[in-house]
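Residue strings, one per chain:
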Amino acid sequence: RAFINVDEKDFYKLLDIGRNATKQEIREAYKRRAKEFHPDKNTHDTTRIFQAIKAAYETLYDEKTRMEYEADVHFDDDNEDDDEAQAPTKDTQMK
């Protein structure tokens, strides 16, 4: 069983998916995580973890809320490489 930080604000980390995940990948990850951490299936209280996973799924699965979430959250970049523009280097500058 994987360790989950219930206070994690990066919903992609909660679902263990990349930021470019498709709706199908989000759904599959949610089902996998929900099954793993469902309160009825665990001897320890996993209610908060389960609720966090559910919130992550509901936010990321809906395109509008996903866009709003991504606009409001700062990512640590541990999950995946960003496609952010980088300053041009000597080799990439156009002459």
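Predicted model, so just to flag it, every value in this text is computed and none were measured.

> Which residues make up the packing of helix α2 (residues 23-37) against helix α3 (residues 47-61), and what values go with them?
It is at 10 Å that the axes of α2 and α3 come closest, and there the two elements cross at 170°. Comparing the axis directions of α2 and α3 gives the class roughly antiparallel. Residues Lys23, Ile26, Arg27, Tyr30, Arg33, Ala34 and Phe37 of α2 form the contact with α3, whose participating residues are Ile49, Phe50, Ile53, Lys54, Tyr57, Leu60 and Tyr61. Residue classes in the contact of α2 with α3 are distributed as 10 nonpolar, no polar and 4 charged.

> Account for the packing of aromatic side chains, with residues named and values stated.
Tallying each qualifying case throughout the model produces 4 aromatic pairs. Aromatic pair Tyr12 and Tyr69: ring centres 6.3 Å apart, planes at 50°, arrangement tilted. Residue Tyr12 is found in helix α1 (residues 11-15), and its partner Tyr69 is found in helix α4 (residues 63-72); the two are separated by 57 residues along the sequence. Judged by relative accessible area, which is 9%, Tyr69 ranks as buried. Over the ring of Tyr61 we find Lys23, and its NZ or CZ is 4.4 Å from the ring centre.

> Can you break down the environment of His38 residue by residue, with the values?
Considering the arrangement of structural elements, one finds His38 in the loop between α2 and α3. Taking relative accessible area as the criterion, His38 reaches 26% and is therefore assigned partly exposed. Through-space distance from the C-alpha of His38 to that of Phe50 is 6.0 Å; in sequence the pair is 12 residues apart. In this view, His38 contacts Thr46 and Phe50; residues no more than four positions away in its chain are not counted. A distance of 3.0 Å separates the side chain of His38 from the backbone nitrogen of Asp40, its partner in a polar contact.

> Explain the pattern of salt bridges to me, and be specific about the residues and the numbers.
In total, this model carries 3 salt bridges according to the counting rule given. Between Glu36 and Arg33 there is a salt bridge, with its nearest N and O atoms 3.7 Å apart. Taken together, the residues Glu36 and Arg33, both in helix α2 and 3 residues apart, mark about one turn of the helix. Here Lys54 and Glu58 are joined by a salt bridge, their closest N and O atoms 3.4 Å apart.

> Before we move on, can you summarise the environment of Thr46 with the specific residues and values?
Within the element layout of this structure, Thr46 appears in the loop between α2 and α3. Classification of Thr46 as buried rests on a relative accessible area of 5%. Spatially, the C-alpha atoms of Thr46 and Glu36 are 9.7 Å apart, while their sequence positions differ by 10 residues. Sequence-distant contacts of Thr46, defined by excluding residues within four places in its chain, comprise Phe37, His38 and Pro39. Within the local environment of Thr46, its side chain forms a polar contact with the backbone oxygen of Phe37, the two atoms lying 2.7 Å apart.

Calculation notes
Residues numbered from 1 in each chain as written. Predicted model: local features only at pLDDT ≥ 70, side-chain atom pairs only at ≥ 80, totals over all residues. Heavy atoms only, no water. Axes fitted to C-alpha atoms, helices over the stretch in contact; angles between N-to-C directions. Helix = DSSP H or I, 4+ residues; strand = E, 2+ residues; numbered from the N terminus. Parallel < 35°, antiparallel > 145°, perpendicular 65-115°, else oblique. Contact = heavy atoms within 4.5 Å. Nonpolar A, V, L, I, M, F, W, Y, C, P; charged D, E, K, R; others polar. Phe/Tyr/Trp six-rings, centres within 6.5 Å; stacked < 30°, edge-to-face > 60°. Buried < 20%, exposed > 50% of the residue type's maximum accessible area, 1.4 Å probe, protein only. Lys NZ or Arg CZ within 6 Å of the ring centre and 35° of its normal. Polar contact = N/O pair within 3.5 Å; in protein donor to acceptor, adjacent residues only side chain to side chain. Salt bridge = Lys/Arg side-chain N within 4 Å of Asp/Glu carboxyl O.

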